Amino acid sequence: MTPELEQVLGCSVHEAAPALIGWTLLFDGVGGVIVETEAYAQDDPASHAFPGPTSRNGTMFGPAGRLYVYRSYGIHWCANVVCGPEGFGSGVLLRALEPTHGLEEMRRRRGAVDERLLCSGPGRLTQALGITGEHDGLSLEDPPLALLAPAGPVEVETGTRIGITKAGEMPWRYLLSGSPFVSRPLPRA
DNA sequence: TGCCCGATTAACT
DNA sequence: GTTAATCGGGCAA
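Here the residue numbering is sequential within each chain, running from 1 through the sequence in written order. Chain labels run from A onward and ligand labels from 1 onward, assigned in the order the entries are written. Totals for whole chains, interfaces and linings use every residue, but because this is a predicted model, local features are given only for residues with pLDDT of at least 70 and side-chain atom pairs only at 80 or more, for both listing and counting. Side-chain figures throughout are based on the complete set of non-hydrogen atoms in the structure, without hydrogens or water.

## Comments concerning the overall build of chain A
Strands are runs of DSSP state E lasting at least 2 residues, helices are runs of H or I lasting at least 4, and numbering of each runs from the N terminus. What chain A contains, in helices and strands, is four helices and eight strands. Seen in sequence order, chain A has helices and strands lined up from the N terminus as α-α-β-β-β-β-β-α-α-β-β-β. Taken over C-alpha atoms, the radius of gyration comes to 15 Å for chain A, in line with the 16 Å a tight globule of 189 residues would show. Overall, chain A is about 40 × 40 × 35 Å in size when its C-alpha atoms are taken along their principal axes. Contacts are assigned to residue pairs with any non-hydrogen atoms lying within 4.5 Å of each other. Of the contacts formed within chain A by residues at least 6 apart in sequence, a portion of 57% connects residues at least 24 apart. Within chain A, one finds 15 positive and 21 negative side-chain charges whose respective centroids are separated by 10 Å. To get the radius of gyration, use the C-alpha atoms; to get the globule rule, take the number of residues to the power 0.38 and multiply by 2.2 Å. The charge count includes Lys and Arg as positive and Asp and Glu as negative, but it does not include His or the ends of the chains. To locate a charge, take atom NZ for lysine, CZ for arginine, CG for aspartate or CD for glutamate.

So, in structure tokens, the structure goes:
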């Protein structure tokens with residue numbers, strides 16, 4: 001792993017989740033800038049890793065820098081970046097991208113939709129990039145995946161997580177400040 | 001072996 | 001604002 005990536009993913013998930021905002025995620029040359037993430041720690045009741053390793057979440061207990069993909073509601077795929085020490089079982093849920101690469105490809109996969117709806121949600125993001133359960137366990141550093149560092153400083157905002165029923169009050173959702181590409185805006189301050 | 005439920009989305013009223 | 005679609009994991013029996 002590059003030192004740059006190691007610095008972001010090697011630490012606690014609560015540092016890794018905000019640190020990933022502003023990075024560019026590509027799958028087969030298609031993707032964009034990460035504008036929304038959520039942290040899922042191993043001792044978090046809302047995390048898949050909470051009950052311990054299973055056939056589904058095994059990737060979360062592997063080395064950092066890999067992709068954990070699972071099926072949600074029997075319909076959608078959701079993608080996470082595994083982080084922290086190996087065997088720790090924590091990950092960062094990728095919730096939204098600002099599309100920058102392969103816009104045509106994304107529109108083809110998602111149908112003709114507004115640009116800001118292409119990747120504004122965990123299920124939409126995977127559909128637009130073509131990520132499925134087959135890609136569970138792939139390294140973010142090797143093709144077809146790529147993770148590129150932000151060019152400059154990134155301003156990050158914090159909120160509560162979405163769509164979960166346990167520990168929903170924990171402020172472990174992170175957004176690129178002011179981005180119109182997030183899945184849901186922050187509640188009015 | 002069966003039942004319930006979810007880190008969601010899109011299409012309704 | 002509400003609800004159906006849809007399937008694998010986790011837990012009870």
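## A short note on the environment of Gly65
On the secondary structure map, Gly65 appears in the loop between strand E2 (30-40) and strand E3 (67-72). Sequence separation between Gly65 and Glu115 is 50 residues; the distance between their C-alpha atoms is 28 Å. Among residues more than four places away in sequence, those in contact with Gly65 are Leu9, Val82, Leu138, Ser139 and Leu140.

## Concerning helix H4 (residues 122-129)
Within H4, six of the eight residues are buried, leaving the element largely enclosed by the surrounding structure. Every buried residue belonging to H4 is among Pro122, Gly123, Leu125, Thr126, Ala128 and Leu129, and all of these are buried. Those residues of H4 that are buried are in contact with strand E1 (24-27), E2, strand E4 (76-83), strand E5 (90-101) and helix H3 (103-110). A positive phi of about 85° marks Gly130, the residue just after H4. Summary of the burial criterion: residues with accessible area below 20% of their type's maximum are buried, those above 50% are exposed, and those between are partly exposed, where the area comes from a 1.4 Å probe applied to protein chains only.

## Details of the protein's contact with DNA strand B
Around DNA strand B, 21 residues are found, and the nearest of them are His76, Asn80, Arg124, Gly163 and Ile164. One heavy atom within 4 Å of a molecule or strand makes the whole residue count as near it. Those atoms of DNA strand B that come within 4 Å of the protein belong to sugar or phosphate at a rate of 54%. At 2.4 Å from a base nitrogen of DNA strand B is found a side-chain nitrogen or oxygen belonging to Asn80. Contacts described as polar in this section are N or O atom pairs within 3.5 Å, which, within protein, must combine one atom able to donate a hydrogen with one able to accept it, while residues neighboring in sequence count only if both atoms come from side chains. At 3.1 Å from a phosphate oxygen of DNA strand B is found a main-chain nitrogen or oxygen belonging to Pro122. Sorting the residues of the surface near DNA strand B by element identifies E3, E4, E5 and H4 as the ones contributing at least two each. Counting residues per element, the surface near DNA strand B draws most heavily on H4, which supplies three residues. Across the surface near DNA strand B, the residue classes tally to nine nonpolar, nine polar and three charged. For this scheme, ten residues count as nonpolar: Ala, Val, Leu, Ile, Met, Phe, Trp, Tyr, Cys and Pro. Four count as charged, namely Asp, Glu, Lys and Arg, and the remainder, Gly too, count as polar.

## Points about the protein's contact with DNA strand C
Looking at DNA strand C, the residues that line it are Thr54, Ser55, Arg56, Tyr73, Gly74 and Ile75. Here, DNA strand C places atoms within 4 Å of the protein, and 58% of those atoms are sugar or phosphate. Interatomic distance of 3.4 Å between a side-chain N/O atom of Thr54 and a phosphate oxygen of DNA strand C. Between DNA strand C and Tyr73, the relevant distance is 2.6 Å, taken from a base oxygen to a main-chain nitrogen or oxygen of the residue. When its residues are assigned to classes, the surface near DNA strand C shows two nonpolar, three polar and one charged.

Distances and angles like these do not, on their own, reveal function.
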